[in-house]
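Coordinate analysis (summary)
Residue strings, one per chain:
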Amino acid sequence: MRVINNHEVLVNDGEHLLSEASARDYFELLKPRVMSLVVFTAFAGLMLAPGHINAVLGLISILCIAIGAGASGALNMWYDADIDAIMTRTARRPIPAGRITPKEALAFGLILSCFSVVILGLAVNWLSASILAFTIFFYVVVYTMWLKRSTPQNIVIGGAAGAFPPMIGWACVTNSVTIESTVLFLIIFLWTPAHFWALALFKMRDYEAVGVPMLPNVSGERATKHQIVAYAVSTAVCGVVPTFLGFASAGYGLAAASLGAVFICCSIAVWRMPDGDPKMIPAKKLFAFSIFYLFAIFSALMIDRLASMLVSHAGGVL
Ligand code: HEM
Ligand SMILES: CC(C)=CCC/C(C)=C/CC/C(C)=C/COP(=O)(O)OP(=O)(O)O
């Protein structure tokens, strides 16, 4: 037996490695920080859906979506282990750092994927389970294994994977896909390019090193900045649509318009940033604000729904 990297033990035949990864290492495979906001949007979809879901089933729904999201993250890290080892931002992840073997990550991701889809289907409904399965497939196969390494529009198309969670949450309650849950999908779908391309601008050297065709690397900073502004404007417009469709109040519309205005201002600051700027502060600010924006929009939708329920309840009592 040999111990290498203080984590892996070569069994006597030397054929395969048994890593001694910790629970924390496996938890890190699930991309918990990213997926926390993903799951939050799924929770919002579940809360905003008309109708009622048993609290226990609601909890099971969110747990299954969280497990499915984490599983997709583990499978993404399994496939991207080669480029993650080279990019400074990802080199310390469990697989490139040698704490978990690729095979273990693959098995972990597949088992959790199957578990989350089957339990959601048995406990809640097969429509939401099917959308969950499709989302995992879309992120892992369509985005990670195909688009990410082949086209600068990778994250625009791949962004659909990140936009499905609120639609899954909505389907858990209503067993349907509606115009309203599609609007929630569209808000995230349109939001993704500004969110990621802000990061891609200041991580260009990383993506250059691994040959991943992100838009800044393929079409340059100026073209990317144009598209960031365009998608930020689209997101801001889409953010107020719930008010016009009648499933959010004018108060929400005002909040969404204000958030959208800041989002657009942040994107214009990136557009005004000189190409080749060494620090790229506006891009880092846009990336950070993009996360706050999405959290704030879905929080405002839930607060608005709660307020309208309280008002109608109070009206009923008086
Ligand atoms: C294809 C779509 C997306 C791409 C390409 C993308 C890309 C990224 C990347 C590269 C990071 C940095 C992660 C790290 O360094 O570990 C990141 C961070 C983050 N993303 Fe996205 N993202 C996408 C969609 C989403 C979605 C849909 C959400 C939530 C609904 C989201 C929420 C976050 C959050 C919260 C962080 C910060 C994580 C941290 O602080 O470490 N992303 N994103
Ligand atoms: C329910 C369910 C399955 C949800 C999935 C939601 C989803 C697809 C979120 C996208 C998360 C993300 C950071 C993508 C970037 O991958 P990347 O490979 O470009 O990022 P990396 O370089 O940091 O690994």
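Look a little higher up for the structure.
Quick caveat, the model's predicted, so the values are computed rather than measured. What you see as residue numbers is a count from 1 along each chain, following the sequence as written. Labels are handed out in written order, letters beginning with A for the chains and numbers beginning with 1 for the ligands. With pLDDT at 70 or above as the cut-off, local features in this predicted model cover only qualifying residues; side-chain atom pairs require 80 or more to be listed or tallied, and sums for whole chains, interfaces and linings still use all residues. Excluding hydrogens and water, the side-chain values take into account all heavy atoms of the structure.

**Observations concerning the site of ligand 1**
The environment of ligand 1 is made up of 20 residues, and the closest members are R33, R89, R93, T192 and H195. R89 is positioned with one of its side-chain polar atoms (N or O) 2.9 Å from an oxygen atom of ligand 1. By the criterion applied in these results, polar contacts are pairs of N or O atoms within 3.5 Å in which, for protein atoms, one can donate a hydrogen and the other can accept it, and in which residues neighboring in sequence qualify only through two side-chain atoms. At 3.3 Å from an oxygen atom of ligand 1 is found a side-chain nitrogen or oxygen belonging to R93. Where helices and strands are cited, they refer to DSSP runs of H or I of at least four residues and of E of at least two residues respectively, numbered from the N terminus. Ranked by residues supplied to the shell around ligand 1, first place goes to helix 9 (residues 179–202) with six residues. Three classes are used, and their members are as follows: Ala, Val, Leu, Ile, Met, Phe, Trp, Tyr, Cys and Pro are nonpolar, Asp, Glu, Lys and Arg are charged, and the others, Gly among them, are polar. Taken together, the residues of the shell around ligand 1 sort by class into 12 nonpolar, five polar and three charged. Viewed by domain, the shell around ligand 1 spans two of them, domain 1 (23–175) and domain 2 (178–310), each represented by three or more residues. Note on terminology: near, applied to a residue and a molecule or strand, indicates that one of the residue's heavy atoms is within 4 Å of it. For the domains described, the bounds stem from an automatic or database domain assignment.

**Regarding the pattern of salt bridges**
One speaks of a salt bridge when a side-chain nitrogen belonging to Lys or Arg is within 4 Å of a carboxyl oxygen belonging to Asp or Glu. Under the definition given, this model contains nine salt bridges. Note that D25 is salt-bridged to R99, the shortest N-O span being 2.7 Å. Residue D25 is found in helix 1 (residues 23–29), and its partner R99 is found in the loop between helix 4 (81–84) and helix 5 (102–123); the two are separated by 74 residues along the sequence. Buried, partly exposed and exposed residues are distinguished by accessible area as a fraction of the type maximum, computed with a 1.4 Å probe on protein chains only: under 20%, between the cut-offs, and over 50%, respectively. For D25, a relative accessible area of 7% translates into the label buried. Note that D80 is salt-bridged to R149, the shortest N-O span being 2.9 Å. Pair noted here: D80 is in the loop between helix 3 (55–79) and helix 4 and R149 is in the loop between helix 6 (126–146) and helix 7 (154–163), with a separation of 69 residues, a long-range link. Judged by its relative accessible area of 0%, D80 falls in the buried class. Residues joined in a network through salt bridges with shared partners are D80, D82, K148 and R149.

**Structural notes on the side chain of R99**
Residue class for R99 comes out buried when judged on its relative accessible area of 15%. At a separation of 3.3 Å, a polar atom in the side chain of R99 contacts the main-chain carbonyl oxygen of R92.

**Here's the deal with the site of ligand 2**
Near ligand 2, the surroundings consist of 18 residues, among which K31, R89, R93, Y143 and K148 are the closest. Between an oxygen atom of ligand 2 and a side-chain N or O atom of R93, the distance comes to 2.8 Å. Y143 places a side-chain nitrogen or oxygen 2.6 Å from an oxygen atom of ligand 2. If ligand 2 stood free it would expose 620 Å²; the protein chains cover 89% of that surface. Secondary structure elements with two or more residues in the shell around ligand 2: helix 2 (32–48), helix 3, helix 6 and helix 7. Broken down by class, the residue content of the shell around ligand 2 amounts to eight nonpolar, five polar and five charged. Where accessible areas are quoted, they stem from the Shrake-Rupley method and a 1.4 Å probe; at the residue level, only the protein chains shown are allowed to cover.

**Re helix 2**
The length a helix should cover is 1.5 Å for every residue beyond the first. Along its 17 residues, helix 2 runs 24 Å from first to last C-alpha, staying within 8% of the 24 Å computed at 1.5 Å per residue. Taken together, the buried positions of helix 2 are M35, L37, V38, V39, F40, T41, A42, A44, G45, L46 and L48.

**A few points about the packing of aromatic side chains**
Each aromatic pair joins two rings of Phe, Tyr and Trp (for Trp, the six-membered one) with centres within 6.5 Å, and gets the label stacked for planes under 30 degrees apart, edge-to-face for over 60, and tilted for any other angle. In this structure the tally under the stated criterion is 16 aromatic pairs. Taken together through their ring pairs, the aromatic side chains of F134, F138, F164, F185 and F189 make up a single cluster. Sitting over the ring of F202, K284 keeps its end group 5.5 Å from the ring centre. Criterion for a charge above a ring: Lys NZ or Arg CZ within 6 Å of the ring centre, and within 35 degrees of the ring normal.

**Points about the nonpolar core**
Soluble, globular proteins show a tendency: their nonpolar side chains are buried together. Counting residues in each nonpolar core, the largest one holds 87 residues, and the members touching the most others are F196, W197, F263, I297, F298 and L301. The greatest single-element share of this core, amounting to 14 residues, is contributed by helix 9. In contact with F263, not counting residues within four places along its chain, are W191, A194, A232, T235, L286, F289, S290 and Y293. By size, the runner-up hydrophobic cluster in this structure holds seven residues, among which are L29, M77, I95 and I100. Nonpolar cores were defined as sets of buried Ala, Val, Leu, Ile, Met, Phe, Trp, Tyr and Cys residues, with membership established by side-chain atoms within 4.5 Å. Contact definition: two residues touch when any of their heavy atoms are within 4.5 Å.

**Brief notes about a nonpolar patch on the surface**
Residues F134, F137, V141 and M145 make up a contiguous nonpolar surface patch of roughly 320 Å² in combined accessible area. Following the sequence through the fold, F137 ends up in helix 6. Judged by relative accessible area, F137 falls into the partly exposed class, the value being 42%. Residues qualify for a patch when their relative accessible area is over 30% and they have no salt bridge, like charges being joined within 9 Å and the nonpolar side chains of Val, Leu, Ile, Met, Phe, Trp and Tyr within 5 Å.

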